[in-house]
Amino acid sequence: MEEETKEEKIDVFDISAPKEILSKFGPDWATATLAIKKWNEKKEAIDKVIAEADTPKLQPGDYSGLFEVLKKLAGDAHSTVAQYAIKAIGLLAKGLRAEFHDLALQAIPACFAKLKEKRQGVIDEIQQTLENIMMCI
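Everything in this summary refers to the structure shown in the same document. (Residues numbered from 1 in each chain as written. Predicted model: local features only at pLDDT ≥ 70, side-chain atom pairs only at ≥ 80, totals over all residues. Heavy atoms only, no water.)

Attention now goes to the nonpolar core. By size, the foremost hydrophobic cluster in this structure holds 38 residues, and its most contacted members are Trp 29, Ile 46, Tyr 63, Leu 66, Leu 70, Leu 92 and Phe 100. Ranked by residue count, the leading element in this core is helix 5 (residues 79–96), at nine residues. The contact partners of Phe 100, leaving out residues within four places of it in the chain, are Phe 67, Ile 89, Leu 92, Ala 93 and Cys 136. (Core = buried A, V, L, I, M, F, W, Y, C linked by side-chain atoms within 4.5 Å. Buried < 20%, exposed > 50% of the residue type's maximum accessible area, 1.4 Å probe, protein only. Helix = DSSP H or I, 4+ residues; strand = E, 2+ residues; numbered from the N terminus. Contact = heavy atoms within 4.5 Å.)

Below you can see the structure in the form of structure tokens.
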């Protein structure tokens, strides 16, 4: 009789050291980012968040300020800015999981509001973000 081998799945989140990113995106960053008029400069500011947040685990903390900026940018009229902001929210959800619970609940309506978007890239990013949010709630 053959023994069934059960492969144990290791969650990278559980074994990763948390990365601290909040100090890089404080109130000064938020004010400067919201004051930007050009869409490509907004995208560059969001790219910095994406680059930092694209890690298996983020250090817990008060992400509400950063989240509020990203939520406003997710509603931006320019679809590329909105797409990148939604991606950044998804990465925060992925890296924080349960710590992001309250903010995740606020992110869902922002994602649903952009589902009317016709660009497939935006729709794909919303889907990925909603999957990441599901790990939080």
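So, about unusual backbone geometry. Notably, Arg 97 is not glycine yet its phi reads approximately 50 degrees, a positive angle. You can see Arg 97 is positioned in the loop between helix 5 and helix 6 (101–113). For Arg 97, a relative accessible area of 19% puts it in the buried group.

Moving on to helix 4 (residues 64–74). Buried residues of helix 4: Leu 66, Phe 67, Val 69, Leu 70, Leu 73 and Ala 74, and no others. One side of helix 4 holds all its buried residues, which, seen down the axis, span an arc of 160 degrees. For helix 4, the elements touching its buried residues are helix 2 (27–35), helix 3 (39–53), helix 5 and helix 6. (Arc of directions from axis to C-beta.)

We now examine the packing of helix 3 against helix 5. Packing of helix 3 against helix 5 brings their axes to within 9 Å, and their N-to-C directions diverge by 15 degrees. By the angle between their axes, helix 3 is roughly parallel relative to helix 5. In this structure, helix 3 crosses over helix 5, and the sense of that crossing is left-handed. Residues Trp 39, Lys 42, Lys 43, Ile 46, Asp 47, Val 49, Ile 50 and Ala 53 of helix 3 touch helix 5, and the partners they reach there are Thr 80, Val 81, Tyr 84, Ala 85, Lys 87, Ala 88, Leu 91 and Leu 92. Looking at the contact of helix 3 with helix 5 residue by residue, the classes come out as eleven nonpolar, one polar and four charged. (Axes fitted to C-alpha atoms, helices over the stretch in contact; angles between N-to-C directions. Parallel < 35°, antiparallel > 145°, perpendicular 65-115°, else oblique. Left-handed = near helix turned anticlockwise from the far one by under 90°. Nonpolar A, V, L, I, M, F, W, Y, C, P; charged D, E, K, R; others polar.)

Further remarks concern the pattern of salt bridges. For the structure shown, the criterion picks out seven salt bridges. The closest approach of N and O atoms between Asp 11 and Arg 97, which form a salt bridge, is 2.6 Å. Residue Asp 11 is found in the segment before helix 1 (12–15), and its partner Arg 97 is found in the loop between helix 5 and helix 6; the two are separated by 86 residues along the sequence. Where Lys 19 meets Glu 52, a salt bridge forms, and the shortest distance between an N and an O atom there is 3.3 Å. You can see Lys 19 sitting in the loop between helix 1 and helix 2 and its partner Glu 52 sitting in helix 3, a full 33 residues away along the chain. Beyond isolated ion pairs, a larger network of salt bridges with shared partners links Lys 19, Lys 24 and Glu 52. (Salt bridge = Lys/Arg side-chain N within 4 Å of Asp/Glu carboxyl O.)

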